[in-house]
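# Topology and contacts: notes
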Amino acid sequence: MRETLHVVIAEPDAAVRTELVGIVGAVAAETGLDVAVHEASNGTTALAACSDHRPRLLITETLLEGLSGLALLRRLHSEASSRTAVVLVTDMARETDRYWGLRNGAIAYLTKPVDKTALRERVTRALTEGPEAKQDRPTPL
């Protein structure tokens, strides 16, 4: 029996969330992985979903109500048992934002509107490799 890999998508915009769910679904179909997607519109709900499902991947906006995407990232990485790769997909486009997102442990930092090819590559990497997935390199400030 194959393991079900869980993905949590934390995004306040329902249309963007639907687009992200579609991309994860396409990657799952291409790779043959069994993937369950859990959606959250704010940081508090996303944290609860992460606690309930122990996801392989969290895709999150940094600008969330309740708990920011960076705070989620730090909370997940503070847990010794965390096996979650994090991809930030955000409106925050400054180079300093990208730098700190990657320095805090995200494997990728993509800005909106998101390059679907780049996101699919990062999702594939995260689902197949988990938290050991190669991280994008932060540009020195």
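Residues numbered from 1 in each chain as written. Predicted model: local features only at pLDDT ≥ 70, side-chain atom pairs only at ≥ 80, totals over all residues. Heavy atoms only, no water.

So, on to the packing of helix α1 (residues 14-31) against helix α5 (residues 116-129). The contact between α1 and α5 brings their axes to 10 Å, and the two run at 55 degrees. With respect to α5, the element α1 is oriented oblique. In this structure, α1 crosses over α5, and the sense of that crossing is right-handed. Between α1, through E19, L20, I23, V24, A26, V27, E30 and T31, and α5, the contact on the second element is made entirely by K116, L119, R120, V123, T124 and L127. Looking at the contact of α1 with α5, its residues break down into eight nonpolar, two polar and four charged. (Axes fitted to C-alpha atoms, helices over the stretch in contact; angles between N-to-C directions. Helix = DSSP H or I, 4+ residues; strand = E, 2+ residues; numbered from the N terminus. Parallel < 35°, antiparallel > 145°, perpendicular 65-115°, else oblique. Left-handed = near helix turned anticlockwise from the far one by under 90°. Contact = heavy atoms within 4.5 Å. Nonpolar A, V, L, I, M, F, W, Y, C, P; charged D, E, K, R; others polar.)

Looking now at the pairing of strand β2 (residues 34-40). Relative to β2, strand β1 (residues 4-10) runs parallel, the two being bridged by seven bridges. What sits directly across from T4, in β2, is D34. In this fold, the crossover linking β1 to β2 by way of α1 has right-handed handedness. (Pairing = 2+ DSSP bridges. Right-handed = clockwise from strand over helix to strand, strands pointing away.)

Time to look at the environment of I9. Checked against the element boundaries, I9 lands in strand β1. Judged by its relative accessible area of 0%, I9 falls in the buried class. With 45 residues separating them in the primary sequence, I9 and R54 have C-alpha atoms 13 Å apart. If we skip the residues at most four places from it in the chain, I9 touches R17, L20, V21, V24, V37, H38, E39, A40 and I59. (Buried < 20%, exposed > 50% of the residue type's maximum accessible area, 1.4 Å probe, protein only.)

Right, let's talk about helix α4 (residues 95-103) for a bit. Within α4 the residues assigned to the buried category are D97, R98, Y99, G101 and L102. Summarising the contacts, the buried residues of α4 are in contact with α3 (69-78), β4 (85-90) and β5 (108-111). G105 occupies a position one or two residues after α4 and carries a positive phi of about 115 degrees.

Turning our eyes to something else, we now look at the packing of helix α2 (residues 43-53) against α3. At their nearest, the axes of α2 and α3 sit 10 Å apart, and the two run at 20 degrees to each other. With respect to each other, α2 and α3 are oriented roughly parallel. Seen from above, α2 lies across α3 with right-handed handedness. Seen from α2, the contacting residues are G43, A46, L47 and C50; seen from α3, they are L72, R75 and L76. Split into classes, the residues belonging to the contact of α2 with α3 amount to five nonpolar, one polar and one charged.

Our next topic: the nonpolar core. Ranked by internal contacts, the top residues of the largest apolar core, which has 25 residues, are L57, I59, V87, L119, V123 and L127. Sorting the residues of this core by element identifies β1, α1, β3 (57-60), β4, β5 and α5 as the ones contributing at least two each. The contacts of V123, once residues within four sequence positions are left out, are V24, V27, L57 and I59. Ranked by size, the runner-up nonpolar core spans 19 residues in total, among them A10, L67, L72 and A106. (Core = buried A, V, L, I, M, F, W, Y, C linked by side-chain atoms within 4.5 Å.)

This paragraph deals with the pattern of salt bridges. Applying the stated criterion across every chain, the model contains 12 salt bridges. Between R122 and D136 there is a salt bridge, with the nearest N and O atoms lying 3.1 Å from each other. One end of the pair, R122, is in helix α5; the other, D136, is in the segment after α5, and 14 residues separate them in sequence. Both residues of the pair, R122 and D136, count as buried. (Salt bridge = Lys/Arg side-chain N within 4 Å of Asp/Glu carboxyl O.)

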